[in-house]
Amino acid sequence: MLEINNIAPDFNITTTENTSIKLSSFNSKMVVVFFFPKADTPGCTIEATNFSTASKDFSDLDTKLIGISKDDIATQLKFQKKYNLTIQLGSDSNTKVCEQYGVW
């Protein structure tokens, strides 16, 4: 798990917007990365919908939100559509990013 003042490990993942995101490409922009174990489970749905509800507040602070799980993009898209999530979701199907961040 990362500690306060640690530099976040860089990653490159595919997102539900059919793009690839590299964390380091945001330069000095604030980014909130949250991890969830499995799309469309009760706790993960609450977390994702709450971040989605708050996404305008984060945007007003010029902060990017990225939710990551090991689910593939097809599962993430289904989850996003089912709950009308307005946040970007990324797939870490090989769990490499989750392992880098100590959340797997």
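The preceding data block contains the structure.
Residues numbered from 1 in each chain as written. Predicted model: local features only at pLDDT ≥ 70, side-chain atom pairs only at ≥ 80, totals over all residues. Heavy atoms only, no water.

Details of the layout of surface pockets
The space that makes up the largest pocket amounts to roughly 320 Å³. Lining the largest pocket are 14 residues, and of these A8, L23, V31, V33 and Y101 lie nearest its centre. Tallied by class, residues from the lining of the largest pocket come to 10 nonpolar, 3 polar and 1 charged. (1 Å grid on protein atoms, 1.4 Å probe; cavity = no way out; pocket = protein on both sides within 12 Å on 5 of 7 lines; lining within 4 Å. Points joined across faces, edges and corners; volume = space filled by probe spheres on them. Nonpolar A, V, L, I, M, F, W, Y, C, P; charged D, E, K, R; others polar.)

Things to note about the environment of Q80
You can see Q80 is positioned in helix α3 (residues 73-82). Residue classification places Q80 among the buried residues on the basis of a relative accessible area of 13%. As for Q80 and D40, which are separated by 40 residues in sequence, their C-alpha atoms are 9.1 Å apart. Residues within four places of Q80 in sequence aside, it is in contact with T16, L85, I87, Q88 and L89. (Helix = DSSP H or I, 4+ residues; strand = E, 2+ residues; numbered from the N terminus. Buried < 20%, exposed > 50% of the residue type's maximum accessible area, 1.4 Å probe, protein only. Contact = heavy atoms within 4.5 Å.)

A closer look at the pairing of strand β4 (residues 63-69)
Consecutive side chains along a regular strand alternate between the two faces of the sheet. The buried count for β4 comes to 6 of 7 residues, which makes it a mostly enclosed element. Bridge count between strand β3 (residues 30-35) and β4: 6 bridges; the pairing is parallel. Its bridge partner lying in β4, F34 is registered against G67. Here 4 bridges tie β4 to strand β5 (residues 88-91), and the two strands are oriented parallel to one another. Bridge pairing in β5 places G67 opposite L89. The parallel pair β4 and β5, bridged by α3, forms a crossover whose chirality is right-handed. (Pairing = 2+ DSSP bridges. Right-handed = clockwise from strand over helix to strand, strands pointing away.)

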